[in-house]
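Structural overview for review
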Amino acid sequence: MPLTLSAVLTSPASVATAFTLQMGLLKVGVPQAWPKSKKNLNYVREAGVRQFISTYNRVKDLKGDELLWGDEVEYGIFVLDEENKKIRLSLRAKEIMDNLNKNEAIHSYENEGCNWVPEYGGWMIEATPSRPYTGYSSDLLRVERNMRLRRKRLLTELRDGEIAPTVAVFPLLGAMGDDGSVPPTSVGGTVTESDYIGDGIINPHPRFAALSANIRMRRGEKVSIRVPLFHDTNTPEYGESAPCGGCGGESILLWRFGNGELSRERYGDGFVIVGCSSSAKEFNDEGDPVTLQKWLVNVKCEGCLGLFYRSAPGVIVADADWPRNGDVVVGSEIPDVPGWIRLQNGYYLPMASEDGQDITFLEKVSTETHAKNQQRQSLGSETPMFRRASSTQKQPQELADLKSALENAVSSSLACDEAQMNNVRALSSRTNDEAQMFNVRPAIHMDAMAFGMGCCCLQITFQATDMDESRFLYDQLAVMAPIMMALTASTPVLRGRLADTDCRWGIISECVDDRRPAERG
């Protein structure tokens, strides 16, 4: 199952209540519909900021609090129809959850217990230990024991033919029409207005339907999730063409979820634009190719160390982790703004000074250069435009040698053989239409929040001993997150089709995208 990690810090009083009674907290209220809630938005924003500041001030000076953590496992409940060889969603999650929590209350005196809370889908249920784990190594032995206890207790509430596997997604969600659940639900409804799933599969808790409807209404249309379709020899959307070799070399296809509104207008819901992780070409929202170039940062100003990033041409970001002289950055020239490049990380850099001093900042180097940037050092600042050098600044001859070494770097650092490189060159030599079709791929289209929030995972939440430890944990977990995402990738089938992706993160991101057209660019 996918694994989600998070670090939090709460006050001792709230911890005692939340963890002693239950680890999950979801209150029942009456959510406001989007039209009614709009007039209260300013109050909600201001109140939210005040509450955050109040909470922060209450806990920021805590020291030596107890390290507590816990896990949350999400289950999907399905019905096996052996006679018709079908599997459907079982919409009994609330009934099962209520029965389980009633039994937990009867046996609350036991040392080890469980807590059951609702999830988005009417077929989903979430379970946590009734009390948290602590910082002692002995508590590591509790984890598997409590997980086994949760599964045993869940199985006691299932009927004949029902199963509750811990899988990331129900592969046929949205592919079975009105016959996808028990009891059956009609496709569509006033909440989602979906073409694939019905409102009846949403958990009856008022929060979930309100979220779905409000996201759709604020957005001004249904969500549009487009995941690249896997290219197999029998995939009808690809015709009779053989599966392409991807991007060549060690490059991988990239699905830039959350972007591409203009490409959607151009190609419709059935297609999505993809790119290559190490390609010399990127594609903008319109699907047009953008040539990437590598640049050596070499500010030819006596005593200058490097450049500040810009959030836009001419807008300095003084506190960013700016590039130093000798670093290599990747970006593309901006046709409408001569003398500027847009980097892959979204920042901008000028190629030379604009104050008439004719100072060069960036120099082009080979696009196949893959030498590592030099080690960065702690540096001071004397001007808003450049960074002043210290005694450790590289000398001009050292920069010249570095540039020469970068220009002479061989493509063997890519660890790909000549045949793979030929494949890349062959792809780049195609006609414009063919090259564009290589990046415009058939997509699996989904149009409701349920496709993302209907995914399950294992989550782990920490309470740190103080604010510093909480920040440290957060930073360490942020580094681990992509590794854990790769190790737990388990979402290769969506709406009954084989996807060319394996992780659920992009689906979740797009299913809650409530940005208006102007906000989406």
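What you see is a predicted model; the values in this text were computed from it and never measured. (Residues numbered from 1 in each chain as written. Predicted model: local features only at pLDDT ≥ 70, side-chain atom pairs only at ≥ 80, totals over all residues. Heavy atoms only, no water.)

**A look at the overall build of the protein**
In plain terms, the rule: Helix numbering and strand numbering both begin at the N terminus, where a helix is a DSSP run of H or I of at least 4 residues and a strand a DSSP run of E of at least 2. Exposed residues in this analysis have more than 50% of their type's maximum accessible area, buried residues have under 20%, and partly exposed residues fall in between, with area computed by a 1.4 Å probe over protein chains only. Using the Shrake-Rupley algorithm and a 1.4 Å probe, accessible areas are obtained, with residue cover drawn only from the displayed protein chains.
Helix and strand counts for the protein stand at 13 helices and 27 strands. Within the protein, the proportion of its 521 residues that are buried is 43%. Entry remark: accessible area of the protein is about 27,400 Å², with carbon and sulfur atoms responsible for 54%.

**Thoughts on helix H5 (residues 140–155)**
Quick reminder of the rule: Each helix should span, by expectation, one fewer than its residue count multiplied by 1.5 Å. As used here, the arc is the angular range of directions from the helix axis to the C-beta atoms. Residue contacts follow a heavy-atom distance rule, with two residues in contact if any of their heavy atoms lie within 4.5 Å.
For H5, with 16 residues, the first-to-last C-alpha span of 24 Å sits near the 22 Å given by 1.5 Å per residue. Of all the residues in H5, the buried ones are Arg142, Val143, Asn146, Arg150, Arg153 and Leu154. An end-on view of H5 places all buried positions within 110° of arc, on one side of the element. The exposed residues of H5 that point more than 90 degrees off its buried face are Leu141, Arg148 and Lys152. On its buried face, H5 sits against strand S2 (68–76), helix H4 (93–106), strand S5 (114–118), strand S6 (124–129) and strand S7 (133–134).

**Structural notes on the pattern of salt bridges**
We apply this condition: Between Lys or Arg on one side and Asp or Glu on the other, a salt bridge is scored when a side-chain nitrogen of the former is within 4 Å of a carboxyl oxygen of the latter.
Taken as a whole and judged by the stated rule, the model has 29 salt bridges. Between Asp179 and Lys86 there is a salt bridge, with its nearest N and O atoms 2.8 Å apart. Placement of the pair is Asp179 in the loop between strand S8 (162–163) and strand S9 (181–182) and Lys86 in strand S4 (residues 86–90), with a sequence separation of 93 residues. Lys86 gets classed as partly exposed once you look at its relative accessible area, which sits at 37%.

**Overview of the side chain of Asp466**
In plain terms, the rule: Counting rule for charge: Lys and Arg are taken as positive, Asp and Glu as negative, and neither His nor the chain ends is counted.
Mapped onto the secondary structure, Asp466 falls in the loop between strand S25 (458–463) and helix H12 (467–487). An unpaired buried charge is present at Asp466: no salt bridge exists, and Lys63, the closest side chain of opposite charge, is 4.4 Å distant.

**Quick word on the sheet that holds S9**
Here is the rule: The pairing criterion is simple: DSSP has to find at least two bridges between the two strands.
Read from one edge to the other, the open sheet built from 4 strands follows the order S8-S3-S4-S9, with strand pairing classed as mixed. Because the sheet does not close on itself, it has two edges, and the strands there are S8 and S9. For strand S3 (residues 78–81) and S4, the ladder comprises 4 bridges, and the chain directions are antiparallel. When the bridges of S4 are listed, Leu80 appears paired with Ile87.

**With respect to the packing of aromatic side chains**
Pairs of aromatic rings are described using the distance from one ring centre to the other and the angle between the two planes. This is how it is decided: Aromatic pairs are defined between Phe, Tyr and Trp rings, using the six-membered ring for Trp, whenever the two ring centres lie within 6.5 Å; interplanar angles under 30 degrees are classed as stacked, those over 60 as edge-to-face, and all others as tilted.
Per the counting criterion, the structure on display carries 8 aromatic pairs. Here Tyr120 and Phe208 contribute two aromatic rings whose centre-to-centre distance is 5.8 Å and whose plane-to-plane angle is 75°, an arrangement assigned as edge-to-face. Of this pair, Tyr120 sits in the loop between S5 and S6 while Phe208 sits in helix H6 (residues 206–219), and the two are 88 residues apart along the sequence. Judged by relative accessible area, which is 5%, Phe208 ranks as buried. On the basis of an interplanar angle of 10° and a centroid distance of 4.5 Å, the ring pair of Tyr309 and Tyr347 is categorised as stacked.

**Things to note about H6**
Relative to the 20 Å expected for 14 residues at 1.5 Å per residue, H6 spans 20 Å between its end C-alpha atoms, a close match to the ideal helical length. Where H6 is concerned, the buried positions are Phe208, Ala210, Ser212, Ala213, Asn214, Ile215, Arg216, Arg218 and Arg219.

**Examining the pairing of S3**
Taking the residues between adjacent antiparallel strands as the criterion, S3 and S4 are bridged by 4 residues, where Lys85 takes a positive phi near 55°. Across 2 bridges, S3 lies against S8 in antiparallel orientation. Looking at the pairing, Phe78 lines up with Ile163 of S8.

**Here we look at the environment of Glu237**
For the record, the criterion: Side-chain atoms alone can form a polar contact between residues adjacent in sequence; in general such a contact is a pair of N or O atoms within 3.5 Å, and within protein one must be able to donate a hydrogen while the other accepts it.
For Glu237, the location among the structural elements is in the loop between strand S10 (225–228) and strand S11 (253–255). According to the relative accessible area criterion, Glu237 is partly exposed, its value standing at 41%. Between the alpha carbons of Glu237 and Pro442 there is a distance of 6.5 Å; along the sequence they are 205 residues apart. Of the polar contacts made by the side chain of Glu237, one reaches the side chain of Arg497; its length is 3.0 Å.

**Observations concerning unusual backbone geometry**
Geometrically, the link from Val182 to Pro183 is a cis peptide bond, its omega value of 0° lying close to zero. Turning to its location among the elements, Pro183 is positioned in the loop between S9 and H6. A positive phi angle, close to 50°, is found at Arg495, a residue other than glycine. With respect to the helices, strands and loops of the structure, Arg495 is situated in the loop between strand S26 (493–494) and strand S27 (497–498). You can call Arg495 partly exposed: its relative accessible area is 23%.

**Quick look at the pairing of S10**
Side-chain alternation along S10 places Ile225 and Val227 on one buried face and Arg226 and Pro228 on a second face that is also buried. Of the strand pairs in this sheet, S10 and strand S24 (residues 440–446) are connected by 4 bridges, and their pairing is antiparallel. Across the sheet, residue Pro228 finds its bridge partner in S24, namely Ala443.

**Observations concerning the side chain of Thr501**
Here Thr501 lies in the loop between S27 and helix H13 (505–511). A residue is classified by how much of its surface remains accessible, and Thr501, at 13% relative accessible area, is buried. Contacts of Thr501, omitting those with residues within four sequence positions, involve Val227, Pro228, Trp255, Thr491 and Pro492.

**Concerning the confidence of the model for the protein**
Any segment with low pLDDT has predicted coordinates that should not be analysed in fine detail. Operational definition: Every residue is assigned a pLDDT by the predictor, reflecting its confidence on a scale from 0 to 100.
The pLDDT averaged across the protein works out to 79; a share of 74% of its residues lies at or above 70. Strand S23 (residues 386–388) is the least confidently modelled element of the protein, averaging 38 in pLDDT, while S8 averages 97, the highest of any element. The model gives residues 7–21 a pLDDT under 50, and that stretch makes 35 contacts with residues more than four places away or in other chains. The model gives residues 405–437 a pLDDT under 50, and that stretch makes 36 contacts with residues more than four places away or in other chains.

**Considering a nonpolar patch on the surface**
How we decide: Patch membership requires more than 30% relative accessible area and the absence of a salt bridge. Residues of like charge join within 9 Å; the nonpolar side chains Val, Leu, Ile, Met, Phe, Trp and Tyr join within 5 Å.
A contiguous nonpolar surface patch, about 400 Å² in accessible area, is contributed by Val49, Phe52, Ile53 and Tyr56. With respect to the element layout, Phe52 can be found in helix H3 (residues 41–59).

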